Every structure is written in C-alpha cells, then in structure tokens.
Amino acid sequence: QVQLVESGGGLVQAGDSLRLSCTVSGRPFSYYAMGWFRQAPGKEREFVAAIGYVDGRTSYADSVKGRFFIYRDNARYSLSLQMNTLKPEDTAVYYCAATKSEEFESGRAIEYDTWGQGTQVTVSS
C-alpha cells in the first residue's frame, strides 16, 4: 500500500487560487490511480477530480470543471490539485486517495482504498 499526506490548505478569499499537494510514499506510485475528494461540514464526501495511472487521463466533477486541475508526477511521487477562482462553496476538507481500481473515474469514494488525513480549505466571501 501507499501512504498519503496532504498539504497546502488554508484560508483564502473568493476568486483566489490555491494549490494542494499530496505526498506519496510506499509502493510504486505509478501503480495507482489517484483522486481528490472533499467533505464540507454536515455533507457527504464528494468527488473532485481523478487522474489515471496508465495514460494520465483526468476526470472532474462538474462543479469544479474548468477551475480545478489535477496533476501527478510519478518520478517525484506527488499529486497536486490546482484550484483557481475559488468560491465559498469550495470550503471543505480535501482528501487525496489512491486506488488500483479501473473504476477510478466513477467518482465513488468506495473505489478508493487508501486515504490521506485531509487538509482544510476555507474560502471567505
């Protein structure tokens, strides 16, 4: 298995940008598809973005499409989420997750079996 540690969260204003990072250790990173999820208070965890392990194809939730971008660097064992034009509704704890499932683009959290501890993102209006 891999171990995941997120960083880069913080308090920003609406319209600002923020870049989250996920440091990966353990098994070869290239074996895993990766995803970002988020959970706001009182809400269920929701899919944000995913990136494949073979061709690097990406998938995004409609709510972030065109504003958020997911990247991976297999050589550096790192995953990033560039978040632009942030909105107050983007406020949540953001989690990176890893999976070997071919259903990684489904958006279902159950497809992912390894999770980081999360990093808080707060967007003020």
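Provided above is the structure to which this section pertains.
Keep in mind that what you see is a predicted model, and the values were worked out from it rather than measured. (Residues numbered from 1 in each chain as written. Predicted model: local features only at pLDDT ≥ 70, side-chain atom pairs only at ≥ 80, totals over all residues. Heavy atoms only, no water.)

Student: Break down the pattern of salt bridges for me, with residues and values.
Tutor: All chains considered together, the criterion is met by 7 salt bridges. Residues arginine 76 and aspartate 73 are paired through a salt bridge, measuring 3.8 Å at the closest nitrogen-oxygen approach. Overall, arginine 76 belongs to the exposed group, its relative accessible area being 68%. For aspartate 73, a relative accessible area of 27% gives the class partly exposed. Salt bridges here are not isolated pairs; linked through shared partners, they connect Arg38, Glu46, Arg67 and Asp90. (Salt bridge = Lys/Arg side-chain N within 4 Å of Asp/Glu carboxyl O. Buried < 20%, exposed > 50% of the residue type's maximum accessible area, 1.4 Å probe, protein only.)

Student: Outline the nonpolar core, listing residues and values.
Tutor: The biggest cluster of nonpolar side chains holds 37 residues, and the ones touching the most others in it are Met34, Trp36, Leu79, Leu81, Met83 and Tyr94. For this core, the secondary structure elements donating two or more residues are strand S1 (2-7), strand S3 (18-26), strand S4 (33-39), strand S5 (46-51), strand S7 (68-73), strand S8 (78-83), strand S9 (92-99) and strand S11 (119-124). (Core = buried A, V, L, I, M, F, W, Y, C linked by side-chain atoms within 4.5 Å. Helix = DSSP H or I, 4+ residues; strand = E, 2+ residues; numbered from the N terminus.)

Student: Account for the packing of aromatic side chains, with residues named and values stated.
Tutor: This model, assessed by the stated rule, comprises 7 aromatic pairs. With 6.4 Å between their ring centres and 80 degrees between their planes, tyrosine 95 and tryptophan 115 make a pair best called edge-to-face. Here the residue tyrosine 95 occupies a position in strand S9, and tryptophan 115 occupies one in strand S10 (residues 114-115), the gap between them amounting to 20 residues. For tyrosine 95, a relative accessible area of 13% corresponds to the buried category. For tryptophan 115, a relative accessible area of 25% translates into the label partly exposed. Joined through ring pairs, the aromatic side chains of Phe37, Phe47, Tyr95, Tyr112 and Trp115 make up one cluster. In this arrangement the basic side chain of arginine 45 is found over the ring face of tyrosine 95, its NZ or CZ atom lying 3.8 Å from the centre. (Phe/Tyr/Trp six-rings, centres within 6.5 Å; stacked < 30°, edge-to-face > 60°. Lys NZ or Arg CZ within 6 Å of the ring centre and 35° of its normal.)

Student: Can you break down the sheet that holds S7 residue by residue, with the values?
Tutor: Strand order across the open sheet formed by 4 strands is S1-S3-S8-S7, with antiparallel pairing between neighbours. Strand pairing shows two members of the sheet lacking a second neighbour, S1 and S7, which therefore form its edges. For this sheet, the mean angle separating the axes of adjacent strands, direction not counted, is 15 degrees. Note that S3 and S8 share 6 bridges and pair antiparallel. Bridge pairing in S8 links serine 21 to serine 80. (Pairing = 2+ DSSP bridges. Axes fitted to C-alpha atoms, helices over the stretch in contact; angles between N-to-C directions.)

Student: Which residues make up the environment of proline 28, and what values go with them?
Tutor: Among the secondary structure elements, proline 28 is positioned in the loop between S3 and S4. A sequence separation of 26 residues divides proline 28 from valine 2, and the C-alpha atoms of the two residues are 7.9 Å apart.

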